[in-house]
Amino acid sequence: MEINPTLNKIISHFLPRAEAVVIFPITDGLINSTYSVEVVIETQRKKYILQKINTLVFQNSKAIQSNIVLVSRFLKSNNYPHPVLELCETSEGENEINFEGDSWRMMAQIENSYTINVIQNPEQAFAVGAFFGQFYTFLNGIELNPIQEVLPHFLDTKNRIDAFQLALQSANSDRLIKAQEQIEWMVKHQDLPQKWMQLQQQKELPIRLIHADPKISNVLFDSATNQPKAIIDWDTLMLGTILYDYGDMIRSYTNTKSEDDPDPEGVFNADVYHELTNGFLSEAGSFLTDIELQYLSYAPQVIVYIQALRFLTDYLNGDIYYQCNYPEQNLNRAKNQINLLQQILKI
Ligand code: GN1
Ligand code: MG
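Residues numbered from 1 in each chain as written. Chains lettered and ligands numbered in written order. Predicted model: local features only at pLDDT ≥ 70, side-chain atom pairs only at ≥ 80, totals over all residues.

1. A short note on the confidence of the model for the chain
Definition in use: Each residue carries a pLDDT value, the predictor's own confidence for that position, ranging from 0 to 100.
Per-residue pLDDT for the chain has a mean of 97; in total, 100% of the residues score no lower than 70. ipTM for the predicted complex: 0.98, alongside a pTM of 0.96.

Here you go:
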């Protein structure tokens, strides 16, 4: 295999004695650029993940690596029974390098595993819900102060709504026309996140360490047992309400279609909704407080609404945030989220 010389140079900063033998891109993520790398070190073959961090999104990327190291250490020292992320270090002890203006990092690949983009059945939803519940149970004791803020305003709903309003004002007429139906739907339902914003402003929900991107493609499954094996993509580890994560799990796992499929037919799996919730509560139910339980079913509505708003905003802005493979992908993503939300609102 022809190895890209630039990637090879970057790899050599982390693994000076390794020879890269196989490199291919992994295109699931919407933000960073990711590669699977197989190297030979002396006679041993080993697999890694190499990533170029999107520094337009993650302006303080060093904070990400610092959080990952803290959380990995904490989980290991508390005997968390699953693999954690292990970042590579350069000879200077850095977990990230700057190469020609870009930030790169590498980590060991968690082998004998695979990812999926759609949950296969309600039992699997229960298993993943419980797996995340266990992750939060272990994270419960971590000291929150040293966790750095990676994405200011990420959870700030008002900020998302303001960004949408701005996009409406600056979008070109072609996109405004194509997205008219979705814009109208979002505006008509603008009261939906109001209570959530009030809870945020009044700081009523407990602050915990959350993953903030628990979508299904961020779970590795074991190739032998087909059970959840590891949670990946810790870039958005941050302090916030656990209801955000629960809502995002419902958003991602109940969706029977890919995130850019605009077809409303059968988009929502209600059995997955219930089993995911049962699985999550089987582990996290013991520490959730009354107010968290009170707003549990409200969270998915808000999180899906906000995700639809984010995709629509990016479409109106000309696709500057999410990676797109074809022109109307962000609009299709927004349609998919709205279709899903229409069903979630009937629950
Ligand atoms: C982005 O690219 P990925 O999988 O890390 C986004 C999430 C969205 C998700 C939607 C930092 O996640 O917030 O929910 O796309 N991450 C960021 O698929 O914006
Ligand atoms: Mg992510």
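The discussion continues.
2. Section: the pairing of strand β8 (residues 219–222)
Operational definition: Pairing between strands is defined by DSSP: at least two bridges between the two strands are required. Runs of H or I in DSSP of at least four residues are treated as helices and runs of E of at least two as strands, each being numbered from the N terminus.
Here strand β6 (residues 113–114) pairs with β8 via two bridges, running antiparallel. In the strand pairing of β8, tyrosine 114 is matched with phenylalanine 221. As defined by bridge partners, β8 adjoins strand β9 (residues 228–231) across three bridges and the pair is classed as antiparallel. Of the residues in β9, the one forming a bridge with phenylalanine 221 is proline 228.

3. Re the packing of helix α6 (residues 180–188) against helix α11 (residues 298–316)
Formally: Structural elements are reduced to axes, namely lines fitted to C-alpha atoms, with helices fitted over the stretch in contact, and the angle between N-to-C directions of any two is expressed from 0 to 180 degrees. We call two directions roughly parallel when the angle between them is under 35 degrees, roughly antiparallel when it is over 145, roughly perpendicular when it lies between 65 and 115, and oblique otherwise. Take the far helix as your reference; a near helix turned counterclockwise from it by less than a right angle gives a left-handed crossing, and one turned clockwise gives a right-handed crossing. What counts as a contact is two residues whose backbone-derived C-beta atoms lie within 7 Å of each other. Each residue is assigned to one class: nonpolar for Ala, Val, Leu, Ile, Met, Phe, Trp, Tyr, Cys and Pro, charged for Asp, Glu, Lys and Arg, and polar for all the others, Gly among them.
Where α6 meets α11, the axes come as close as 11 Å, and the angle between the chain directions of the two elements is 140 degrees. On the basis of the axis angle, α6 is oblique to α11. Here α6 and α11 pass one another in a crossing that is left-handed. For the pair formed by α6 and α11, the contact residues are Gln182, Ile183 and Met186 on the first element and Ala308, Leu309 and Leu312 on the second. In terms of residue class, the contact of α6 with α11 is built from five nonpolar, one polar and no charged.

4. A short note on helix α3 (residues 122–139)
For the record, the criterion: Multiply 1.5 Å by the residue count of a helix minus one, and that product is the helix's expected span. Three classes are used. A residue is buried when 20 or more other C-beta atoms lie within 10 Å of its own, exposed when 12 or fewer do, and partly exposed in between, with C-beta atoms placed from the backbone.
Taking 1.5 Å per residue as the helical rise, α3 with its 18 residues ought to reach 26 Å, and the 26 Å between its terminal C-alpha atoms agrees with that figure. Counting buried positions over the 18 residues of α3 gives 13, a clear majority of the element.

5. Side note on the sheet that holds strand β3 (residues 44–53)
Within the open sheet, the five strands sit side by side as β1-β2-β3-β5-β4. Their pairing is antiparallel. The open sheet has two edge strands with one neighbour each: β1 (18–26) and β4 (97–99). For this sheet, the mean inter-axis angle between neighbouring strands, taken without regard to orientation, is 35 degrees. In terms of strand pairing, β3 meets strand β5 (residues 102–108) through six bridges, oriented antiparallel. Opposite glutamine 51, over in β5, you have arginine 105 as the bridge partner.

6. Some points on the site of ligand 1
This is how it is decided: For each residue, a C-beta atom is positioned from the backbone; the residue is called near a molecule or strand if that atom sits within 6 Å of it. Per the annotation, domain bounds derive from an automatic or database assignment of domains.
The full set of residues close to ligand 1 is Gly29, Leu30, Ile31, Val57, Asp213, Lys215, Asp233, Thr236, Glu259 and Gln307. For the shell around ligand 1, the class distribution of residues is three nonpolar, three polar and four charged. Counting contributing residues per domain, the shell around ligand 1 is built from domain 1 (5–111) and domain 2 (122–344), each supplying no fewer than three.

7. Structural notes on the UniProt feature "domain: Aminoglycoside phosphotransferase" (unreviewed entry) in the chain
Keep this limit in mind: UniProt positions are given in the numbering used here, feature names are shortened, and annotations may be inferred rather than shown by experiment.
UniProt feature "domain: Aminoglycoside phosphotransferase" (unreviewed entry): in the numbering of this structure it lies at residues 25–257. Along residues 25–257, the helical share is 36% and the strand share 20%, with 23 Å between the first and last C-alpha atoms.

8. With respect to the sheet that holds β8
Reading across from one edge, β6-β8-β9 is the order of the three strands in this open sheet, with antiparallel pairing throughout. Only two strands of the sheet have a single neighbouring strand rather than two, namely β6 and β9. Where α3 meets the sheet, it contacts β8 and β9, and its direction lies at approximately 45 degrees from that of β9.

9. Quick word on the nonpolar core
Which entries qualify depends on this criterion: In these notes, a nonpolar core means any group of buried Ala, Val, Leu, Ile, Met, Phe, Trp, Tyr and Cys residues linked to one another through C-beta atoms within 7 Å.
In terms of nonpolar packing, the biggest core is built from 81 residues, with Ile11, Leu50, Phe132, Tyr253, Leu276, Ala308 and Leu312 touching the most fellow members. When residues of this core are sorted by domain, at least three fall in each of domain 1 (5–111) and domain 2 (122–344). Every residue in contact with isoleucine 11, bar those within four places of it in the chain, is listed here: Ala18, Ala20, Val37, Val39, Leu50 and Met106.

10. Quick notes on the domain arrangement of the chain
One frequently used descriptor of interface size is the decrease in accessible area upon assembly of the parts. Taken domain by domain, the chain holds domain 1 (5–111) and domain 2 (122–344). Spacing between the C-alpha centres of domain 1 and domain 2 amounts to 26 Å. The partner domain 2 presents 19 residues to the 20 residues of domain 1 that form the contact.

11. A word on the environment of glutamate 19
Within the element layout of this structure, glutamate 19 appears in strand β1. On the basis of neighbour counts, which here come to 14 C-beta atoms within 10 Å, the residue glutamate 19 falls in the partly exposed class. Separated by 156 residues in sequence, glutamate 19 and arginine 175 have C-alpha atoms that sit 47 Å apart. Look past the residues within four positions of glutamate 19 in its chain and what remains in contact with it is Val39 and Val40.

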